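Structural overview
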Amino acid sequence: MKQKYKAILCIIASAFCFAVMNNFVHLAGDLPTFEKAFFRNFVAMFVAAGALLKNHASFRPQKGCLPELFGRAVFGTIGLLCNFYAVDHLVVADASMLNKMSPFFAIIFSFFLLKEKLTVPQGAAVVAAFCGSMLIVKPTLSNMDLVPSLIGLLGGMGAGLAYTLVRRLGQKGERGDYIVFFFSAFSVVVVTPLMLLTWEPMTWQQLLCLLGAGLTAAGGQFGITKAYCYAPAREISVYDYTQVIFAALIAWFLFDQVPDAYSILGYVIICTVAVVMFLYNNRKPKTA
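The rules we used
Residues numbered from 1 in each chain as written. Predicted model: local features only at pLDDT ≥ 70, side-chain atom pairs only at ≥ 80, totals over all residues. Heavy atoms only, no water. 1 Å grid on protein atoms, 1.4 Å probe; cavity = no way out; pocket = protein on both sides within 12 Å on 5 of 7 lines; lining within 4 Å. Points joined across faces, edges and corners; volume = space filled by probe spheres on them. Helix = DSSP H or I, 4+ residues; strand = E, 2+ residues; numbered from the N terminus. Nonpolar A, V, L, I, M, F, W, Y, C, P; charged D, E, K, R; others polar. Salt bridge = Lys/Arg side-chain N within 4 Å of Asp/Glu carboxyl O. Axes fitted to C-alpha atoms, helices over the stretch in contact; angles between N-to-C directions. Parallel < 35°, antiparallel > 145°, perpendicular 65-115°, else oblique. Left-handed = near helix turned anticlockwise from the far one by under 90°. Contact = heavy atoms within 4.5 Å. Patch = residues over 30% accessible without salt bridge, like charges linked within 9 Å, V, L, I, M, F, W, Y side chains within 5 Å. Areas by Shrake-Rupley, 256 points an atom, 1.4 Å probe, with all protein chains shown as cover. Buried < 20%, exposed > 50% of the residue type's maximum accessible area, 1.4 Å probe, protein only. Phe/Tyr/Trp six-rings, centres within 6.5 Å; stacked < 30°, edge-to-face > 60°. Lys NZ or Arg CZ within 6 Å of the ring centre and 35° of its normal.

Comments concerning empty space enclosed by the protein
Per the counting criterion, the structure on display carries one cavity of 30 Å³ or more. When its volume is computed, the largest cavity comes out at roughly 170 Å³. Lining the largest cavity we find 16 residues, and of these Arg 40, Leu 80, Asn 99, Tyr 163 and Gln 221 sit closest to its centre. Mapped onto the lining of the largest cavity, the elements with two or more residues apiece are α1 (2-27), α3 (66-89) and α7 (146-172). In terms of residue count, α3 provides more of the lining of the largest cavity than any other element does, five residues in total. Considered class by class, the residues forming the lining of the largest cavity number seven nonpolar, seven polar and two charged.

A short note on the pattern of salt bridges
The tally for this structure, following the rule as stated, stands at three salt bridges. The partner of Lys 36 in a salt bridge is Asp 88, and the shortest N-O contact between them spans 2.5 Å. Of this pair, Lys 36 sits in helix α2 (residues 33-54) while Asp 88 sits in helix α3; the two residues are 52 residues apart in sequence, bridging distant segments of the chain.

Examining the environment of Gln 243
Here Gln 243 lies in helix α11 (residues 242-255). Gln 243 sits 223 residues away from Val 20 along the chain, and the two C-alpha atoms are 9.1 Å apart.

Looking at the packing of α2 against α3
Where α2 meets α3, the closest approach of the two axes is 10 Å, and the angle between their N-to-C directions is 120°. Between α2 and α3, the angle falls in the class oblique. When you trace α2 past α3, the crossing you get is right-handed. Across the interface between the two elements, Thr 33, Phe 34, Lys 36, Ala 37, Arg 40 and Asn 41 from α2 touch Leu 80, Leu 81, Phe 84, Tyr 85 and Asp 88 from α3. Class assignment of the residues belonging to the contact of α2 with α3 gives a composition of six nonpolar, two polar and three charged.

Focus: a nonpolar patch on the surface
A cluster of nonpolar side chains, contributed by Val 74, Phe 75, Ile 78, Leu 154 and Met 157, occupies part of the molecular surface with about 360 Å² of accessible area. Secondary-structure elements contributing two or more residues to the nonpolar patch are α3 and α7. The greatest single-element share of the nonpolar patch, amounting to three residues, is contributed by α3. Here Leu 154 lies in helix α7. Exposure remark for Leu 154: the relative accessible area of 42% places this residue in the partly exposed category.

Digging into the packing of aromatic side chains
Taken as a whole and assessed by the stated rule, the structure comprises eleven aromatic pairs. Judged by centre distance (5.4 Å) and plane angle (90°), the rings of Phe 16 and Phe 246 are edge-to-face. Taken together, the residues Phe 16 in helix α1 and Phe 246 in helix α11 connect sequence positions 230 residues apart. Ring geometry for Tyr 178 versus Phe 181: centroids 6.2 Å apart, planes at 45°, classification tilted. Taken together, the residues Tyr 178 and Phe 181, both in helix α8 (residues 176-197) and three residues apart, mark about one turn of the helix. On the basis of relative accessibility, which here comes to 18%, the residue Phe 181 falls in the buried class. Site record: aromatic cluster; members linked through ring pairs are Phe 59, Phe 70, Tyr 178, Phe 181, Phe 182 and Phe 186. The ring centre of Phe 183 lies 4.1 Å from the NZ or CZ of Arg 72, which sits over that ring.

Now the structure itself:
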């Protein structure tokens with residue numbers, strides 16, 4: 001139970017950090033996606049390296065964890081690039097929602113790859129939360145650009161598979177700090193050549209926004225990594241949808257984007273499902 005409580009707190013804190021990160025990316029303005037992705041992971045890499053050095057931990061992976069580490073890094077990088085592209089071309093809350101398809105995909109991938117059981121109420125809760133998110137986005141051809149939306153959806157799928165591999169790494173005993181470091185370092189190496197090819201000069205305000213995105217991304221990465229190491233996706237993934245609410249509130253404050261009645265209804269559904277999910281998951285141990 002303590003592990004589950006820690007997982008819930010970590011995933012909500014992570015959702016808030018990622019919501020702030022998306023708004024920083026949007027505030028950075030018209031810069032290439034690869035440039036934004038580089039700074040996002042460059043900062044996170046140093047934060048993770050600092051955590052490893054502070055704990056006197058090794059920079060070597062645990063035995064047998066290298067395949068999952070590479071898989072997490074590859075699919076995480078794909079998810080990151082797709083999410084940043086969506087943030088640049090869609091409303092921040094809409095891009096955040098598409099990225100929050102990741103818990104839905106994480107449960108599916110966990111079922112097939114990790115053989116984690118999924119009860120009917122748990123599956124229904126995730127579907128209900130997803131439906132609430134659809135009310136926020138209202139995905140019609142007249143309301144959203146098709147290509148950025150599909151790219152954002154692909155980003156959510158990549159993130160969901162990456163988080164499934166994080167769960168597997170946690171089961172194998174890999175350290176959360178090292179998982180974050182490996183992913184960040186891998187992304188920096190992959191993105192650097194593409195960034196140099198598309199480089200555009202930036203103002204000091206844009207640089208501060210990208211550094212802020214990097215710091216909040218590091219917080220989000222540590223939070224999500226710890227969460228999926230503590231508990232399976234079916235028990236905590238629904239709480240990751242709170243990022244949509246955080247992103248919408250911050251975007252309203254910064255960009256004066258006011259949600260309509262459908263969006264507010266979506267927020268209510270997501271919060272209600274999160275509470276019901278929490279009560280359901282706590283009922284079983286007490287009954288046992």
